[in-house]
Amino acid sequence: MKQFIKINQNDNVIVALQEIKAGETVVIQASDSQAQADANAQVQTGSGKAHAGSCQMQTGDFNKPGSGGTNTGGTPGMETGAAIAASEDIPAGHKMAVCDIPAGGEIIKYGFCIGIAKEKVQAGQWVHVHNIKTALGDLLEYTYEPVQAALEPKEASFFQGYRRKDGTVGIRNDVWIIPTVGCVNNVAQAIAARANAKLAHGHTIEAIAFTHPYGCSQMGGDQEHTRTILADLIRHPNAGGVLVLGLGCENSNITELKRYIGTYDENRVKFLVCQDCGDEVAEGAALVEELAGYASTFLRSKVNASELIVGMKCGGSDGFSGITANPLVGRFSDLLISKGGTTILTEVPEMFGAETLLMNRCANRELFDQTVHLINDFKQYFKDNHQTIYENPSPGNKKGGISTLEDKSLGCTQKSGRAPVAGVLAYGERVQVPGLNLLSAPGNDLVASTALAASGAHIVLFTTGRGTPFASPVPTVKISSNSALAGKKKNWIDFNAGVLVEDAEFDEIGQKLFDYVLSVASGEKVCSEKAGFHDMAIFKQGVTL
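Residues numbered from 1 in each chain as written. Predicted model: local features only at pLDDT ≥ 70, side-chain atom pairs only at ≥ 80, totals over all residues. Heavy atoms only, no water.

(A) Here's a closer look at the pattern of salt bridges. A complete count under the given rule lists 20 salt bridges for this structure. Linking Glu307 and Arg163 is a salt bridge whose minimum nitrogen-to-oxygen distance equals 2.8 Å. Here Glu307, found in the loop between β18 (300–304) and β19 (309–314), pairs with Arg163, found in strand β12 (residues 158–163); they are 144 residues apart in sequence, far enough to count as distant. Given the relative accessible area of 35%, Arg163 is considered partly exposed. When the shortest N-O distance is used, the salt bridge between Arg227 and Glu256 registers 3.4 Å. Here the residue Arg227 occupies a position in helix α2 (residues 220–235), and Glu256 occupies one in helix α3 (residues 254–261), the gap between them amounting to 29 residues. (Salt bridge = Lys/Arg side-chain N within 4 Å of Asp/Glu carboxyl O. Helix = DSSP H or I, 4+ residues; strand = E, 2+ residues; numbered from the N terminus. Buried < 20%, exposed > 50% of the residue type's maximum accessible area, 1.4 Å probe, protein only.)

(B) Molecular detail of the confidence of the model for the protein. Of the residues in the protein, 90% have a pLDDT of 70 or more, and the chain-wide mean is 89. Note that pLDDT drops below 50 for residues 31–59; the model gives that stretch 112 contacts with residues more than four away or on any other chain. Taken together, the stretch residues 61–74 has pLDDT below 50 and engages in 52 contacts with residues farther than four places along the chain or on a different chain. (pLDDT = per-residue confidence, 0-100. Contact = heavy atoms within 4.5 Å.)

(C) Inspection of the sheet that holds strand β16 (residues 239–246) at higher detail. On the basis of which strands lie adjacent, the open sheet formed by four strands has the order β15-β14-β16-β17 and parallel pairing. Sheet topology places β15 (207–209) and β17 (269–273) at the edges, where each strand pairs with a single neighbour. Here the strands of the sheet are splayed against their neighbours by 20° on average, with no regard to which way each runs. The sheet contact formed by strand β14 (residues 174–179) and β16 spans six bridges and is parallel. (Pairing = 2+ DSSP bridges. Axes fitted to C-alpha atoms, helices over the stretch in contact; angles between N-to-C directions.)

(D) Representation of the pairing of β17 in the model. Pairing geometry for β16 and β17, over five bridges, is parallel. The residue of β17 that forms the bridge with Val242 is Val269. A crossover connection joins β16 to the parallel β17 through α3; in handedness this β-α-β unit is right-handed. (Right-handed = clockwise from strand over helix to strand, strands pointing away.)

(E) Looking closely at empty space enclosed by the protein. Scanning all chains against the criterion turns up two cavities of 30 Å³ or more. Surrounding the second largest cavity, 14 residues form its lining, Gly322, Ile402, Asp407, Lys408 and Gly411 being those nearest its centre. At four residues, the largest contribution of residues to the lining of the second largest cavity is made by helix α9 (residues 405–412). Here the lining of the second largest cavity is built from residues that sort into four nonpolar, six polar and four charged. (1 Å grid on protein atoms, 1.4 Å probe; cavity = no way out; pocket = protein on both sides within 12 Å on 5 of 7 lines; lining within 4 Å. Points joined across faces, edges and corners; volume = space filled by probe spheres on them. Nonpolar A, V, L, I, M, F, W, Y, C, P; charged D, E, K, R; others polar.)

(F) Region of interest: α3. Among the residues of α3, those classed as buried are Ile254, Leu257, Tyr260 and Ile261. Axial view of α3: buried residues confined to an arc of 105°, hence all on one face. Seen from the buried face of α3, the exposed residues on the opposite side, beyond 90 degrees, are Thr255 and Arg259. Here the buried face of α3 lies against α2, β16 and β17. The opening residue of α3, the one whose side-chain oxygen lies 3.2 Å from the backbone nitrogen of Thr255, is Asn253. Once α3 ends, the next one or two residues include Gly262, with phi positive near 75°. (Arc of directions from axis to C-beta. Polar contact = N/O pair within 3.5 Å; in protein donor to acceptor, adjacent residues only side chain to side chain.)

(G) Broad picture of the environment of Thr297. Secondary-structure assignment places Thr297 in the loop between α4 (280–295) and β18. For the pair Thr297 and Gly240, spaced 57 residues apart in the sequence, the C-alpha separation amounts to 9.2 Å. Within the local environment of Thr297, its side chain forms a polar contact with the backbone oxygen of Tyr294, the two atoms lying 2.6 Å apart.

(H) Region of interest: the packing of helix α1 (residues 185–199) against α4. Interhelical geometry of α1 versus α4 gives an angle of 50° and a closest axis separation of 8 Å. With respect to α4, the axis of α1 lies oblique. The crossing of α1 and α4 is right-handed. Listed contacts from α4 to Val187, Ala190, Ile191, Arg194, Ala195, Lys198 and Leu199 of α1 are Glu280, Val281, Ala282, Gly284, Ala285, Val288, Glu289 and Ala292. Looking at side-chain class alone, the contact of α1 with α4 contains 10 nonpolar, one polar and four charged residues. (Parallel < 35°, antiparallel > 145°, perpendicular 65-115°, else oblique. Left-handed = near helix turned anticlockwise from the far one by under 90°.)

(I) Up close: unusual backbone geometry. Despite not being glycine, Ser217 has its phi angle at roughly 60°, a positive value. By the secondary structure assignment, Ser217 is in the loop between β15 and α2.

(J) Structural detail: the sheet that holds strand β11 (residues 132–133). The strand order across the open sheet built from three strands is β8-β9-β11, with neighbouring strands paired in antiparallel fashion. The open sheet has two edge strands with one neighbour each: β8 (106–109) and β11. Two elements, strand β9 (residues 112–117) and β11, share two bridges in a ladder whose sense is antiparallel. In the sheet register, Ile116 faces β11, and the bridge partner there is Lys133.

(K) Highlighting the packing of aromatic side chains. Under the counting rule described, the total for this entry stands at 14 aromatic pairs. Here Trp176 and Phe210 contribute two aromatic rings whose centre-to-centre distance is 5.1 Å and whose plane-to-plane angle is 75°, an arrangement assigned as edge-to-face. With a gap of 34 residues between them, Trp176 in strand β14 and Phe210 in the loop between β15 and α2 connect regions that are remote in the sequence. The class for Trp176 is buried, based on a relative accessible area of 2%. Judged by centre distance (6.3 Å) and plane angle (65°), the ring pair of Phe352 and Phe382 falls under edge-to-face. Of this pair, Phe352 sits in the loop between β20 (342–345) and α6 (355–359) while Phe382 sits in helix α7 (residues 365–384), and the two are 30 residues apart along the sequence. Classification of Phe382 as buried rests on a relative accessible area of 18%. (Phe/Tyr/Trp six-rings, centres within 6.5 Å; stacked < 30°, edge-to-face > 60°.)

(L) Local environment of the packing of α2 against helix α10 (residues 445–454). Axis separation between α2 and α10 bottoms out at 9 Å; the angle between their running directions is 55°. Judged on the interaxial angle alone, α10 and α2 are oblique. Contacts from Ile229, Asp232 and Leu233 of α2 reach α10 at Thr450, Ala453 and Ala454. Here the contact of α2 with α10 is built from residues that sort into four nonpolar, one polar and one charged.

Here it is as structure tokens:
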């Protein structure tokens, strides 16, 4: 494994792949070759000016002249091949300055400004939250500067999915129990437990209760969002059958919710109002058994990958995330889209600082305007609640080496790959257009992943440098940014992107991830499914009565 990466030739910091001890010498050599050139990124500085460029990854070792990788110039104050001694310990995933940076000077990573030096930083110093601050502003005006982002079509790929009566495709075939209100959460779980006790005997279908605390004591748009998300999940083709479980007196009662569900298959969706029952658990379990019988009539068949919808999310990011896992998911996204498929990128607050990357890839001016609203509306949400827009990164992000929101966002948005933006979705809106879609949702892992599922994602790809065991309503593939995490948490991590800094070929690992996702779509269970984890969370935005 290499000791460090200089991502772009113009960077004035390197990223330590292993801890650099104080006094150790780093030598960055000129070379005609590149270790990697796969991550495309751009960031917006505090002035609002957009920049674009290609991230060029360069690896190197300590005290080994000639092993540094690509450095074709461009870093002010640093001579090619110069030896730089670390003046303090640099943790793995963290940044070290490779030239002197004046107070107020730009810190450059990925080829772009990720913040401003709070004080003079000398070559060899650790660059982190103690000496760097964000350069971002609040609500901004943007200029549409479109870039060519078309992808070359690729040959078709296939998976084994379930074709529903309405023509949609699912990749799972269980029975979902969806409560209309949090008051019946325990009833939903009791129904699932009783039904599963019977279904376990010779049946492959499982009853899954998706609990949540909402559905009543909500007002206005907040209540509308809850109803919309519940309706989206009821219609989701990953469920072979759905039991909608109501209390009877809630705001979002079954009669009201049916208006949001619209037309439905009466054999696939059943309703139960607990206040109208003598024994709601017994009656609910009987309905689940009936739904399981209907679901069992569906069999897997060959489906073109052009019908696959994949959500993309990151959480617990570290200094490796923007180097390994996120660019890898970007490669996956481009590959799926080139085959006619669809990906959805969300967590809007983690686009702040790199939003022009996405805006300038919008297929037309209308989509650009929608993306501007997507960004500025979310910023206004922060301001309306008297919160700091740039209260990010999290403590875990900082511990992993991320210093500013620009640093985090520039890595985060690499999950979008290079495809043009084809659609922009409001929270709870279902995807309609193939290709890359942007979805309005917060960065919270459970809320954002549920939003992706509600918008139609069959699978969520979740990159992480810190690790997490959570699940979502759909299979949630955990992709580690580093091999240490993958080795330690084998019960959490499904795919290791950390090998990308261990001399693995990017094309090879990208194809392996694509093949793995198709296998998950065809029925292979991910770690959280094997553990029996099934989570959902709704975005709470309004008052509670």
